[in-house]
Amino acid sequence: MRLTIFTDFGLRALMRMAGEPERPLSTAALAREFGISRNHLTKAVAALSAAGFVETRRGGGGGAVLARPAEEIHIGDVVAVLEEGSAIVECFRPDGGACVVTPICRLKGILNAGRTRFIDELNRYTLADCALPPPEHDDQ
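Attention here is on the structure that accompanies the text. Note that this is a predicted model, so its numbers are computed, not measured.

### Considerations on the environment of Lys 43
Then, in step 1: Structurally, Lys 43 can be placed in helix α3 (residues 38-50).
Then, in step 2: On a C-alpha basis, the gap between Lys 43 and Thr 27 in space is 9.7 Å, while along the polypeptide they are 16 residues apart.

Okay, structure coming up:
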């Protein structure tokens, strides 16, 4: 299974927040640190906030922090939320796609079972298992 860039960016942000749980981190600083698009990262952090994984604070000293301890945030739950709009194959799209074999296809059930096992395996781990330490040259 290939994860989207959206999920990758969201996971990176969470892993970094887990490394300094008390420190609010701005999307600008995180984007700079990872060398990624601030715009895309902002959207990922907004989705993480809407799902209750992070809290965001505006203004001076603002940024994003984990909404609960890293030990309580399971990787599979995060991936499931961030990948929610991404279909593995066409028939998984919300509109059902236009696959001509859908009426007789038995592969969808097999793929769905695989996706469920994938998320279950990821849920064996938490953010605490993969927290990123602050960068050595931290100028945030």
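### As for the pattern of salt bridges
Then, in step 1: Summed over the entire model, instances satisfying the criterion amount to five salt bridges.
Then, in step 2: In this structure, Arg 16 and Glu 20 form a salt bridge, with 2.9 Å as the shortest nitrogen-oxygen distance. Considered together, Arg 16 and Glu 20 belong to a single accessibility category, that of buried residues.
Then, in step 3: Between Arg 23 and Glu 20 there is a salt bridge, with its nearest N and O atoms 3.2 Å apart.
Then, in step 4: Given the relative accessible area of 24%, Arg 23 is considered partly exposed.
Then, in step 5: On the accessibility criterion, Glu 20 (19% relative accessible area) is buried.
Then, in step 6: If you follow the salt bridges from partner to partner, you end up with Arg 16, Glu 20, Arg 23 and Glu 33 in one network.

### What to know about the packing of helix α1 (residues 5-19) against helix α2 (residues 27-34)
Then, in step 1: Packing of α1 against α2 brings their axes to within 11 Å, and their N-to-C directions diverge by 105°. Here α2 runs roughly perpendicular to α1, going by the angle between their axes. For the pair α1 and α2, contact is made by Arg 12, Ala 13, Arg 16 and Met 17 and by Leu 30, Glu 33 and Phe 34, respectively.

### Quick look at the packing of α2 against α3
Then, in step 1: Here α2 crosses α3 at 125°, and the two axes come no closer than 9 Å. Classified by the angle their axes make, α2 and α3 are oblique. In this structure, α2 crosses over α3, and the sense of that crossing is right-handed. Between α2 and α3, the residues in contact are Thr 27, Ala 28, Leu 30 and Ala 31 and Arg 38, Leu 41, Thr 42 and Val 45, respectively.
Then, in step 2: Split by residue class, the contact of α2 with α3 holds five nonpolar, two polar and one charged.

About the thresholds
- Residue numbering note: each chain is counted from 1, following its sequence as written.
- In view of the model being predicted, local features appear only for residues whose pLDDT reaches at least 70, and side-chain atom pairs are presented and counted only at 80 or more, with totals across whole chains, interfaces and linings using the full set of residues.
- The basis for the side-chain values is all heavy atoms of the structure; hydrogens and waters are excluded.
- In this description a helix means any DSSP run of H or I spanning at least four residues, a strand means any run of E spanning at least two, and both kinds are numbered starting from the N terminus.
- Salt bridge, as used here, is a side-chain nitrogen of Lys or Arg placed within 4 Å of a carboxyl oxygen of Asp or Glu.
- Per-residue accessibility, obtained with a 1.4 Å probe over protein chains only, is compared with the maximum for each type, and a residue is labelled buried under 20%, exposed over 50%, and partly exposed between these values.
- Axis definition: a line fitted to C-alpha atoms, limited for helices to the stretch in contact. Angles are taken between N-to-C directions and run from 0 to 180 degrees.
- Just so you know how the angles are binned, under 35 degrees is roughly parallel, over 145 roughly antiparallel, 65 to 115 roughly perpendicular, and the rest oblique.
- Between two residues, a contact is recorded if the distance between any of their heavy atoms is within 4.5 Å.
- If you view the pair so one helix is near and one far, a crossing is left-handed when the near helix is turned anticlockwise from the far one by less than a right angle, and right-handed when it is turned clockwise.
- Asp, Glu, Lys and Arg are counted as charged, while Ala, Val, Leu, Ile, Met, Phe, Trp, Tyr, Cys and Pro are counted as nonpolar; the rest, among them Gly, fall into the polar class.

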